[in-house]
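# Tertiary structure, described
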Amino acid sequence: MSSYTISNSALNPKRVFILQKSELEKRFDPKFYAIEYKDNLDKIKRNKYKRLGDIVKFSSETWNQKDFFVNTFPYIEISEIDTLSGEIQNITQVDISEAASRAKMLVRENDIIVSTTRPNRGAIALIKKEQDFSIASTGFSVIRNIINSEINRNYLFAVLRQEIILKQFEQRSSGGNYPAITQEELSNVIIPFANAEKQQKVIQIFENCFSQKQTNEAEAEKLLASIDDYLLAELGITLPTPPENTLKNRMFITSIKEVSGGRFDPNYHTKYFHDLFQSFESGIYEYSQIRKYASFQAGYAFKSTDYLEQSECLLITIKNIRQNQIDIKDATYLPNDFFNLYKEFQIKIDDLLIAMTGATIGKVGIYNHLENSLLNQRNGIIKPTNINSVYLMSLLNLNVFQQVILRNSNGGAQPNISETDIMRISIPVPPLSKQKEIAEHITNIRNQAQALKDKTKDLLKKASEEIEEILLN
(Lines give C-alpha, C1' and ligand atoms only; values in the text may rest on other atoms or scores of the structure.)
Protein backbone atom coordinates (compact mmCIF):
# COMPACT_ATOMS: atom_id res chain seq x y z
CA MET A 1 0.00 0.00 0.00
CA SER A 2 1.26 3.48 -0.88
CA SER A 3 2.20 5.85 1.88
CA TYR A 4 0.68 9.32 1.74
CA THR A 5 2.07 12.46 3.31
CA ILE A 6 0.83 16.02 3.82
CA SER A 7 3.07 18.46 2.00
CA ASN A 8 1.29 21.69 2.94
CA SER A 9 3.48 23.17 5.68
CA ALA A 10 0.77 25.65 6.64
CA LEU A 11 -1.27 22.82 8.17
CA ASN A 12 -0.68 21.99 11.85
CA PRO A 13 0.54 18.35 11.91
CA LYS A 14 -0.89 17.97 15.40
CA ARG A 15 -4.37 18.64 14.04
CA VAL A 16 -4.22 17.41 10.45
CA PHE A 17 -2.76 13.94 9.83
CA ILE A 18 -3.19 10.77 7.79
CA LEU A 19 -3.74 7.25 9.10
CA GLN A 20 -3.37 3.90 7.41
CA LYS A 21 -6.40 1.64 7.68
CA SER A 22 -4.24 -0.88 9.58
CA GLU A 23 -3.70 1.69 12.32
CA LEU A 24 -7.40 2.01 13.12
CA GLU A 25 -8.87 0.41 16.22
CA LYS A 26 -12.62 0.27 16.90
CA ARG A 27 -12.62 4.04 17.40
CA PHE A 28 -13.31 6.51 14.59
CA ASP A 29 -13.04 9.78 16.52
CA PRO A 30 -10.04 11.71 15.11
CA LYS A 31 -8.84 12.94 18.51
CA PHE A 32 -8.16 9.34 19.57
CA TYR A 33 -5.37 9.20 16.93
CA ALA A 34 -3.83 12.60 17.71
CA ILE A 35 -0.04 12.79 17.37
CA GLU A 36 0.48 13.52 21.08
CA TYR A 37 -1.25 10.24 21.98
CA LYS A 38 0.66 8.30 19.33
CA ASP A 39 3.98 9.70 20.60
CA ASN A 40 3.03 8.75 24.16
CA LEU A 41 2.28 5.15 23.16
CA ASP A 42 5.46 4.92 21.09
CA LYS A 43 7.52 5.86 24.18
CA ILE A 44 6.02 3.00 26.16
CA LYS A 45 6.25 0.45 23.32
CA ARG A 46 10.04 0.84 23.05
CA ASN A 47 10.22 -1.54 26.02
CA LYS A 48 8.11 -4.46 27.24
CA TYR A 49 4.51 -3.68 28.06
CA LYS A 50 1.19 -5.39 28.83
CA ARG A 51 -2.48 -4.48 28.51
CA LEU A 52 -3.96 -3.64 31.89
CA GLY A 53 -6.72 -6.16 31.18
CA ASP A 54 -4.07 -8.91 30.89
CA ILE A 55 -2.59 -7.99 34.28
CA VAL A 56 -5.60 -7.43 36.53
CA LYS A 57 -9.14 -8.54 37.22
CA PHE A 58 -11.74 -5.90 38.06
CA SER A 59 -14.16 -6.42 40.93
CA SER A 60 -17.90 -6.32 40.33
CA GLU A 61 -18.82 -6.70 44.03
CA THR A 62 -21.60 -4.25 44.87
CA TRP A 63 -23.70 -3.28 47.87
CA ASN A 64 -27.49 -3.55 47.75
CA GLN A 65 -27.88 -0.41 49.94
CA LYS A 66 -29.61 -2.48 52.63
CA ASP A 67 -27.31 -5.03 54.26
CA PHE A 68 -24.18 -4.84 56.46
CA PHE A 69 -24.63 -1.32 57.90
CA VAL A 70 -27.08 -0.18 60.57
CA ASN A 71 -27.77 3.54 60.12
CA THR A 72 -24.87 4.96 58.14
CA PHE A 73 -22.25 3.70 55.73
CA PRO A 74 -18.67 4.90 54.96
CA TYR A 75 -18.70 6.50 51.51
CA ILE A 76 -15.73 7.30 49.27
CA GLU A 77 -16.40 10.07 46.77
CA ILE A 78 -14.18 10.84 43.78
CA SER A 79 -13.67 14.41 45.01
CA GLU A 80 -12.06 13.09 48.22
CA ILE A 81 -9.10 11.50 46.38
CA ASP A 82 -5.99 13.67 46.54
CA THR A 83 -4.81 13.58 42.92
CA LEU A 84 -1.26 14.50 43.97
CA SER A 85 -0.73 11.77 46.55
CA GLY A 86 -3.44 9.21 45.80
CA GLU A 87 -4.63 9.37 49.41
CA ILE A 88 -8.28 9.39 50.47
CA GLN A 89 -8.69 12.66 52.36
CA ASN A 90 -12.06 11.94 53.91
CA ILE A 91 -14.59 9.12 54.13
CA THR A 92 -18.07 10.48 54.77
CA GLN A 93 -20.58 8.69 56.99
CA VAL A 94 -23.81 8.86 55.00
CA ASP A 95 -27.29 7.97 56.24
CA ILE A 96 -28.49 4.83 54.43
CA SER A 97 -31.81 6.52 53.70
CA GLU A 98 -29.91 9.21 51.78
CA ALA A 99 -27.65 6.86 49.81
CA ALA A 100 -27.18 8.07 46.24
CA SER A 101 -27.84 5.54 43.49
CA ARG A 102 -24.12 5.58 42.62
CA ALA A 103 -23.06 4.50 46.15
CA LYS A 104 -22.67 0.80 45.36
CA MET A 105 -19.08 -0.37 44.85
CA LEU A 106 -17.88 -2.42 47.84
CA VAL A 107 -14.12 -2.00 48.31
CA ARG A 108 -11.69 -4.03 50.38
CA GLU A 109 -8.17 -3.64 51.71
CA ASN A 110 -5.53 -3.50 48.92
CA ASP A 111 -8.06 -2.73 46.17
CA ILE A 112 -6.90 -0.07 43.72
CA ILE A 113 -9.75 2.26 42.81
CA VAL A 114 -9.57 4.29 39.58
CA SER A 115 -11.91 7.16 38.82
CA THR A 116 -13.52 6.61 35.42
CA THR A 117 -14.91 10.17 35.30
CA ARG A 118 -12.29 12.64 34.07
CA PRO A 119 -9.75 9.83 34.65
CA ASN A 120 -6.79 11.88 33.40
CA ARG A 121 -6.93 13.83 36.69
CA GLY A 122 -5.46 10.79 38.44
CA ALA A 123 -8.03 10.20 41.20
CA ILE A 124 -6.55 6.78 42.00
CA ALA A 125 -6.19 5.32 45.49
CA LEU A 126 -4.98 2.16 47.22
CA ILE A 127 -7.46 1.05 49.88
CA LYS A 128 -5.85 0.78 53.32
CA LYS A 129 -6.77 -1.53 56.19
CA GLU A 130 -8.81 1.15 57.98
CA GLN A 131 -10.78 1.79 54.76
CA ASP A 132 -11.69 -1.88 54.26
CA PHE A 133 -15.36 -2.56 53.56
CA SER A 134 -16.20 0.98 52.54
CA ILE A 135 -18.59 1.92 49.77
CA ALA A 136 -17.26 3.73 46.71
CA SER A 137 -19.06 5.54 43.91
CA THR A 138 -19.83 3.64 40.71
CA GLY A 139 -17.63 6.32 39.16
CA PHE A 140 -14.70 4.08 40.18
CA SER A 141 -13.41 0.90 38.59
CA VAL A 142 -12.08 -1.43 41.28
CA ILE A 143 -8.92 -3.46 40.64
CA ARG A 144 -8.94 -6.38 43.05
CA ASN A 145 -6.81 -9.24 41.72
CA ILE A 146 -3.39 -9.06 40.06
CA ILE A 147 -3.53 -12.08 37.77
CA ASN A 148 0.06 -11.76 36.56
CA SER A 149 2.39 -12.90 39.35
CA GLU A 150 5.28 -10.88 37.91
CA ILE A 151 3.53 -7.58 38.71
CA ASN A 152 3.79 -6.10 42.20
CA ARG A 153 0.59 -4.38 43.39
CA ASN A 154 2.45 -1.37 44.80
CA TYR A 155 4.35 -1.03 41.54
CA LEU A 156 1.07 -1.03 39.60
CA PHE A 157 -0.42 1.62 41.90
CA ALA A 158 2.62 3.87 41.39
CA VAL A 159 2.65 3.39 37.61
CA LEU A 160 -1.07 4.03 37.12
CA ARG A 161 -0.57 7.54 38.48
CA GLN A 162 2.18 8.46 35.99
CA GLU A 163 1.61 10.93 33.18
CA ILE A 164 2.24 8.28 30.48
CA ILE A 165 -0.77 6.34 31.82
CA LEU A 166 -3.01 9.35 32.55
CA LYS A 167 -2.44 10.48 28.97
CA GLN A 168 -3.86 7.14 27.80
CA PHE A 169 -6.87 7.59 30.10
CA GLU A 170 -7.46 10.93 28.38
CA GLN A 171 -7.06 9.39 24.94
CA ARG A 172 -9.51 6.57 25.61
CA SER A 173 -12.17 8.71 27.28
CA SER A 174 -15.31 9.90 25.55
CA GLY A 175 -18.01 12.44 26.34
CA GLY A 176 -18.26 16.20 26.53
CA ASN A 177 -18.36 18.12 29.80
CA TYR A 178 -17.46 15.08 31.93
CA PRO A 179 -15.35 12.71 29.79
CA ALA A 180 -15.35 9.15 31.08
CA ILE A 181 -13.54 5.92 30.32
CA THR A 182 -15.28 2.55 30.12
CA GLN A 183 -13.84 -0.53 31.81
CA GLU A 184 -13.22 -2.03 28.37
CA GLU A 185 -11.13 1.00 27.33
CA LEU A 186 -9.40 0.95 30.73
CA SER A 187 -8.40 -2.66 30.05
CA ASN A 188 -6.77 -1.58 26.78
CA VAL A 189 -4.38 0.85 28.49
CA ILE A 190 -0.80 -0.43 28.20
CA ILE A 191 1.45 -0.68 31.26
CA PRO A 192 5.28 -0.80 31.22
CA PHE A 193 6.23 -4.39 32.08
CA ALA A 194 9.38 -3.81 34.11
CA ASN A 195 11.54 -6.54 35.64
CA ALA A 196 11.55 -7.18 39.39
CA GLU A 197 14.60 -4.94 39.96
CA LYS A 198 13.02 -1.94 38.21
CA GLN A 199 9.73 -2.52 39.98
CA GLN A 200 11.48 -2.36 43.34
CA LYS A 201 13.25 0.86 42.33
CA VAL A 202 9.91 2.42 41.43
CA ILE A 203 8.34 1.26 44.70
CA GLN A 204 11.31 2.58 46.71
CA ILE A 205 11.14 6.03 45.08
CA PHE A 206 7.41 6.12 45.73
CA GLU A 207 7.76 5.05 49.38
CA ASN A 208 10.66 7.44 50.09
CA CYS A 209 8.65 10.30 48.65
CA PHE A 210 5.66 9.51 50.85
CA SER A 211 7.82 9.11 53.91
CA GLN A 212 9.14 12.65 53.37
CA LYS A 213 5.60 13.80 52.61
CA GLN A 214 4.43 12.53 56.00
CA THR A 215 7.32 14.33 57.72
CA ASN A 216 6.48 17.61 55.96
CA GLU A 217 2.80 17.27 56.75
CA ALA A 218 3.51 16.51 60.41
CA GLU A 219 5.56 19.72 60.65
CA ALA A 220 2.80 21.66 58.90
CA GLU A 221 0.15 20.24 61.24
CA LYS A 222 2.29 21.15 64.27
CA LEU A 223 2.44 24.73 63.04
CA LEU A 224 -1.30 24.87 62.41
CA ALA A 225 -2.07 23.28 65.78
CA SER A 226 -0.19 26.12 67.49
CA ILE A 227 -2.82 28.59 66.26
CA ASP A 228 -5.38 27.49 68.86
CA ASP A 229 -3.08 28.14 71.84
CA TYR A 230 -1.85 31.43 70.39
CA LEU A 231 -5.33 32.78 69.71
CA LEU A 232 -6.79 31.77 73.07
CA ALA A 233 -3.81 33.33 74.87
CA GLU A 234 -4.21 36.60 72.95
CA LEU A 235 -7.89 36.69 73.96
CA GLY A 236 -7.11 35.96 77.60
CA ILE A 237 -9.20 32.78 77.60
CA THR A 238 -8.34 29.77 79.77
CA LEU A 239 -10.37 26.74 78.75
CA PRO A 240 -11.94 24.46 81.38
CA THR A 241 -10.44 21.01 81.75
CA PRO A 242 -12.71 18.49 80.01
CA PRO A 243 -14.19 16.11 82.58
CA GLU A 244 -13.08 12.50 82.68
CA ASN A 245 -15.39 10.36 80.56
CA THR A 246 -16.98 8.40 83.41
CA LEU A 247 -20.60 7.44 83.98
CA LYS A 248 -20.77 9.77 86.99
CA ASN A 249 -19.61 12.75 84.91
CA ARG A 250 -22.00 11.92 82.10
CA MET A 251 -24.99 12.09 84.43
CA PHE A 252 -26.31 15.46 85.59
CA ILE A 253 -29.47 17.28 86.65
CA THR A 254 -30.76 20.55 85.23
CA SER A 255 -33.90 22.55 85.91
CA ILE A 256 -36.59 23.17 83.31
CA LYS A 257 -35.79 26.90 83.48
CA GLU A 258 -32.28 26.18 82.22
CA VAL A 259 -33.55 24.29 79.17
CA SER A 260 -33.58 26.96 76.51
CA GLY A 261 -34.59 27.07 72.86
CA GLY A 262 -36.60 23.86 73.05
CA ARG A 263 -33.43 21.75 73.13
CA PHE A 264 -33.70 18.64 75.28
CA ASP A 265 -30.69 16.69 73.96
CA PRO A 266 -28.32 16.04 76.91
CA ASN A 267 -25.10 17.10 75.16
CA TYR A 268 -26.49 20.61 74.69
CA HIS A 269 -26.75 21.13 78.48
CA THR A 270 -23.58 19.46 79.79
CA LYS A 271 -21.55 21.18 82.49
CA TYR A 272 -18.58 21.33 80.11
CA PHE A 273 -20.36 23.79 77.79
CA HIS A 274 -21.58 25.81 80.77
CA ASP A 275 -17.98 26.12 81.98
CA LEU A 276 -16.74 26.80 78.43
CA PHE A 277 -19.07 29.76 77.94
CA GLN A 278 -18.05 31.14 81.33
CA SER A 279 -14.40 31.02 80.24
CA PHE A 280 -15.29 33.01 77.09
CA GLU A 281 -17.15 35.61 79.15
CA SER A 282 -14.17 35.89 81.51
CA GLY A 283 -11.84 36.83 78.68
CA ILE A 284 -10.44 40.33 78.32
CA TYR A 285 -12.58 41.45 75.36
CA GLU A 286 -16.23 42.04 74.53
CA TYR A 287 -18.28 38.87 74.09
CA SER A 288 -21.20 39.19 71.63
CA GLN A 289 -23.18 37.25 69.05
CA ILE A 290 -21.90 37.00 65.47
CA ARG A 291 -25.07 38.68 64.15
CA LYS A 292 -23.77 41.98 65.56
CA TYR A 293 -20.74 41.89 63.25
CA ALA A 294 -21.90 40.07 60.12
CA SER A 295 -24.87 39.24 57.91
CA PHE A 296 -25.79 35.82 56.56
CA GLN A 297 -27.00 34.35 53.27
CA ALA A 298 -27.83 30.67 52.72
CA GLY A 299 -26.96 28.96 49.43
CA TYR A 300 -29.47 28.06 46.71
CA ALA A 301 -30.59 24.59 45.60
CA PHE A 302 -29.19 24.53 42.07
CA LYS A 303 -30.06 21.42 40.02
CA SER A 304 -27.27 19.02 39.12
CA THR A 305 -28.58 19.04 35.53
CA ASP A 306 -27.42 22.67 35.33
CA TYR A 307 -23.80 21.81 36.15
CA LEU A 308 -21.06 22.38 33.58
CA GLU A 309 -17.41 21.38 33.52
CA GLN A 310 -16.23 24.89 32.69
CA SER A 311 -17.72 28.37 32.32
CA GLU A 312 -17.27 31.81 33.87
CA CYS A 313 -19.86 31.14 36.59
CA LEU A 314 -18.29 29.12 39.40
CA LEU A 315 -20.55 27.18 41.78
CA ILE A 316 -19.16 26.55 45.26
CA THR A 317 -20.53 23.34 46.76
CA ILE A 318 -19.99 21.67 50.13
CA LYS A 319 -17.03 19.67 48.75
CA ASN A 320 -15.11 22.93 48.11
CA ILE A 321 -15.30 24.27 51.67
CA ARG A 322 -12.31 23.24 53.74
CA GLN A 323 -11.01 24.46 57.07
CA ASN A 324 -9.47 27.92 56.48
CA GLN A 325 -9.67 27.68 52.69
CA ILE A 326 -11.92 27.26 49.65
CA ASP A 327 -10.56 24.55 47.34
CA ILE A 328 -11.80 24.89 43.75
CA LYS A 329 -9.59 22.33 42.01
CA ASP A 330 -12.63 20.07 41.39
CA ALA A 331 -15.04 22.93 40.93
CA THR A 332 -18.49 22.82 39.39
CA TYR A 333 -19.77 25.53 37.04
CA LEU A 334 -23.15 26.89 35.95
CA PRO A 335 -24.34 28.58 32.72
CA ASN A 336 -23.01 32.14 32.59
CA ASP A 337 -26.45 33.75 32.65
CA PHE A 338 -27.10 32.20 36.08
CA PHE A 339 -24.87 34.82 37.67
CA ASN A 340 -27.38 37.56 36.84
CA LEU A 341 -30.41 35.35 37.56
CA TYR A 342 -29.25 34.45 41.10
CA LYS A 343 -27.29 37.52 42.20
CA GLU A 344 -28.50 37.28 45.79
CA PHE A 345 -26.40 34.12 46.12
CA GLN A 346 -23.24 35.80 44.78
CA ILE A 347 -20.02 35.35 46.78
CA LYS A 348 -17.75 38.34 47.28
CA ILE A 349 -14.02 38.42 48.02
CA ASP A 350 -13.41 38.09 51.79
CA ASP A 351 -16.80 36.47 52.40
CA LEU A 352 -16.64 33.53 54.77
CA LEU A 353 -18.25 30.32 53.55
CA ILE A 354 -19.47 27.79 56.09
CA ALA A 355 -20.53 24.16 55.54
CA MET A 356 -23.91 23.66 57.21
CA THR A 357 -24.23 19.88 57.08
CA GLY A 358 -22.38 16.58 56.75
CA ALA A 359 -18.87 15.56 57.76
CA THR A 360 -17.44 19.06 57.25
CA ILE A 361 -20.20 20.89 59.15
CA GLY A 362 -18.96 24.12 60.69
CA LYS A 363 -15.77 24.33 58.63
CA VAL A 364 -15.17 27.90 57.50
CA GLY A 365 -13.05 29.13 54.59
CA ILE A 366 -12.37 32.61 53.26
CA TYR A 367 -13.23 33.26 49.62
CA ASN A 368 -10.58 34.79 47.34
CA HIS A 369 -11.30 33.34 43.89
CA LEU A 370 -13.49 34.41 40.94
CA GLU A 371 -15.98 37.22 41.51
CA ASN A 372 -18.55 35.47 39.31
CA SER A 373 -19.35 32.82 41.89
CA LEU A 374 -22.55 31.45 43.41
CA LEU A 375 -23.14 29.30 46.48
CA ASN A 376 -24.96 25.98 46.45
CA GLN A 377 -27.40 24.71 49.08
CA ARG A 378 -26.27 23.29 52.46
CA ASN A 379 -23.73 26.12 52.76
CA GLY A 380 -23.88 29.67 54.03
CA ILE A 381 -22.17 33.01 53.37
CA ILE A 382 -21.08 34.99 56.42
CA LYS A 383 -20.51 38.57 55.27
CA PRO A 384 -18.36 40.49 57.81
CA THR A 385 -19.34 44.13 58.30
CA ASN A 386 -17.22 45.47 61.18
CA ILE A 387 -14.97 42.51 61.97
CA ASN A 388 -11.74 41.22 60.35
CA SER A 389 -12.50 38.27 58.03
CA VAL A 390 -9.34 36.30 58.81
CA TYR A 391 -9.83 36.82 62.54
CA LEU A 392 -13.45 35.58 62.42
CA MET A 393 -12.54 32.58 60.25
CA SER A 394 -9.69 31.61 62.57
CA LEU A 395 -11.93 31.96 65.60
CA LEU A 396 -14.74 29.79 64.21
CA ASN A 397 -12.24 27.12 63.14
CA LEU A 398 -10.81 26.85 66.67
CA ASN A 399 -11.44 23.39 68.09
CA VAL A 400 -13.61 24.81 70.91
CA PHE A 401 -15.83 26.75 68.50
CA GLN A 402 -16.15 23.69 66.27
CA GLN A 403 -17.47 21.93 69.39
CA VAL A 404 -19.95 24.76 69.92
CA ILE A 405 -21.15 24.54 66.31
CA LEU A 406 -21.72 20.79 66.67
CA ARG A 407 -23.55 21.44 69.96
CA ASN A 408 -25.89 23.85 68.17
CA SER A 409 -26.52 21.47 65.26
CA ASN A 410 -29.41 19.05 64.83
CA GLY A 411 -29.52 15.54 63.45
CA GLY A 412 -27.48 12.37 63.95
CA ALA A 413 -25.31 10.85 61.25
CA GLN A 414 -25.83 13.88 58.99
CA PRO A 415 -25.87 16.85 61.40
CA ASN A 416 -27.01 20.22 60.10
CA ILE A 417 -27.03 23.73 61.51
CA SER A 418 -29.37 26.60 60.73
CA GLU A 419 -28.62 30.24 60.00
CA THR A 420 -30.15 31.20 63.36
CA ASP A 421 -27.94 28.78 65.29
CA ILE A 422 -24.83 30.06 63.53
CA MET A 423 -25.51 33.75 63.96
CA ARG A 424 -26.39 33.51 67.65
CA ILE A 425 -23.01 32.00 68.55
CA SER A 426 -21.22 34.44 70.85
CA ILE A 427 -17.59 35.30 70.18
CA PRO A 428 -14.87 37.46 71.81
CA VAL A 429 -14.32 40.65 69.80
CA PRO A 430 -11.16 42.71 70.45
CA PRO A 431 -10.63 46.12 68.78
CA LEU A 432 -10.08 46.01 65.01
CA SER A 433 -6.38 46.87 65.44
CA LYS A 434 -5.91 43.82 67.67
CA GLN A 435 -7.91 41.66 65.25
CA LYS A 436 -5.57 42.75 62.44
CA GLU A 437 -2.49 41.93 64.53
CA ILE A 438 -3.88 38.46 65.34
CA ALA A 439 -4.90 37.88 61.71
CA GLU A 440 -1.42 38.78 60.40
CA HIS A 441 0.29 36.46 62.89
CA ILE A 442 -2.02 33.55 62.02
CA THR A 443 -1.61 34.22 58.30
CA ASN A 444 2.17 34.01 58.72
CA ILE A 445 1.84 30.62 60.45
CA ARG A 446 -0.42 29.34 57.67
CA ASN A 447 2.02 30.57 55.03
CA GLN A 448 4.81 28.59 56.70
CA ALA A 449 2.60 25.49 56.73
CA GLN A 450 1.69 26.03 53.07
CA ALA A 451 5.37 26.29 52.15
CA LEU A 452 5.86 22.79 53.59
CA LYS A 453 2.89 21.52 51.57
CA ASP A 454 4.29 23.11 48.40
CA LYS A 455 7.58 21.39 49.14
CA THR A 456 5.65 18.11 49.15
CA LYS A 457 4.19 18.90 45.72
CA ASP A 458 7.71 19.42 44.38
CA LEU A 459 8.78 16.08 45.89
CA LEU A 460 5.90 14.27 44.21
CA LYS A 461 6.73 15.87 40.86
CA LYS A 462 10.39 14.92 41.14
CA ALA A 463 9.49 11.34 42.15
CA SER A 464 7.19 11.05 39.13
CA GLU A 465 9.99 12.21 36.81
CA GLU A 466 12.41 9.64 38.30
CA ILE A 467 9.86 6.85 37.94
CA GLU A 468 9.16 7.72 34.30
CA GLU A 469 12.91 7.73 33.59
CA ILE A 470 13.16 4.17 34.95
CA LEU A 471 10.10 2.96 33.06
CA LEU A 472 11.07 4.33 29.64
CA ASN A 473 14.81 3.54 29.62
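My aim in this report is to walk through the structure given alongside it, one point at a time. (Residues numbered from 1 in each chain as written. Predicted model: local features only at pLDDT ≥ 70, side-chain atom pairs only at ≥ 80, totals over all residues. Heavy atoms only, no water.)

## Side note on the overall build of the protein chain
Each helix and strand counted, the protein chain has twelve helices and 21 strands in total. Summarising its shape, the C-alpha atoms of the protein chain cover approximately 95 × 55 × 40 Å along the three principal directions. Here the protein chain holds 473 residues, and 47% of them are scored as buried. For the protein chain, restricting intrachain contacts to residue pairs at least 6 apart in sequence, the fraction spanning at least 24 positions comes to 77%. Just so you have it, the protein chain exposes about 24600 Å², and 49% of that area is on carbon and sulfur atoms. Placing the 57 positive and 58 negative side-chain charges of the protein chain at their respective mean positions leaves the two points 3 Å apart. (Helix = DSSP H or I, 4+ residues; strand = E, 2+ residues; numbered from the N terminus. Buried < 20%, exposed > 50% of the residue type's maximum accessible area, 1.4 Å probe, protein only. Contact = heavy atoms within 4.5 Å. Areas by Shrake-Rupley, 256 points an atom, 1.4 Å probe, with all protein chains shown as cover. Lys, Arg positive; Asp, Glu negative; His and termini not counted. Charge placed at Lys NZ, Arg CZ, Asp CG, Glu CD.)

## Digging into helix 9 (residues 389-396)
Of all eight residues that make up helix 9, seven are buried, and the element is covered over most of its length. Listed as buried for helix 9 are Ser-389, Tyr-391, Leu-392, Met-393, Ser-394, Leu-395 and Leu-396. Capping the start of helix 9 is the job of one residue whose side-chain oxygen sits 3.0 Å from the backbone nitrogen of Val-390: Asn-388. (Polar contact = N/O pair within 3.5 Å; in protein donor to acceptor, adjacent residues only side chain to side chain.)

## Observations concerning the packing of helix 1 (residues 35-45) against helix 3 (residues 163-172)
One way to put it is that helix 1 packs onto helix 3 with a least axis distance of 10 Å and a crossing angle of 140°. The orientation of helix 1 with respect to helix 3, classified from their angle, is oblique. In this structure, helix 1 crosses over helix 3, and the sense of that crossing is left-handed. Where helix 1 approaches helix 3, its residues Glu-36, Tyr-37, Asn-40, Leu-41, Lys-43 and Ile-44 are matched on the opposing element by Ile-164, Lys-167, Gln-168, Glu-170 and Gln-171. Partitioned by chemical class, the residues of the contact of helix 1 with helix 3 number four nonpolar, three polar and four charged. (Axes fitted to C-alpha atoms, helices over the stretch in contact; angles between N-to-C directions. Parallel < 35°, antiparallel > 145°, perpendicular 65-115°, else oblique. Left-handed = near helix turned anticlockwise from the far one by under 90°. Nonpolar A, V, L, I, M, F, W, Y, C, P; charged D, E, K, R; others polar.)

## Concerning the pairing of strand 20 (residues 379-384)
In this sheet, strand 20 lies alongside strand 12 (residues 294-298) in antiparallel orientation, the contact comprising five bridges. The residue bridging Ala-294 from the neighbouring strand is Pro-384, located in strand 20. Across four bridges, the pairing between strand 17 (residues 352-355) and strand 20 is antiparallel. If you follow Leu-353 over to strand 20, its bridge partner there is Ile-381. (Pairing = 2+ DSSP bridges.)

## Focus on the sheet that holds strand 12
Where strands meet in a sheet, backbone hydrogen bonds hold them as pairs that are either parallel or antiparallel. The strand order across the open sheet built from four strands is 12-20-17-18, with neighbouring strands paired in antiparallel fashion. In the strand order of this sheet, the two ends are held by strand 12 and strand 18 (364-366), each with one partner. This sheet shows a mean twist of 25° between the axes of neighbouring strands, independent of strand direction. Its contacts with the sheet put helix 9 on strand 17, strand 18 and strand 20, and the angle it makes with strand 18 is roughly 160°.

## Some thoughts on unusual backbone geometry
A negative phi angle is the norm for most residues apart from glycine, just as the trans form is the norm for most peptide bonds. Phi is positive for Gln-65, close to 65°, though the residue is something other than glycine. Mapped onto the fold, Gln-65 is located in the loop between strand 2 (56-58) and strand 3 (72-76). Not every positive phi belongs to a glycine, and Arg-118 is a case in point at roughly 45°. Along the chain, Arg-118 falls in the loop between strand 6 (112-115) and strand 7 (124-126).

## Some points on the pairing of strand 17
Because side chains alternate across strand 17, one face comprises the buried residues Leu-352 and Ile-354, and the other comprises Leu-353 and Ala-355, equally buried. Bridging between strand 17 and strand 18 involves three bridges; their strand directions are antiparallel. By the bridge assignment, Leu-353 is partnered in strand 18 with Gly-365.

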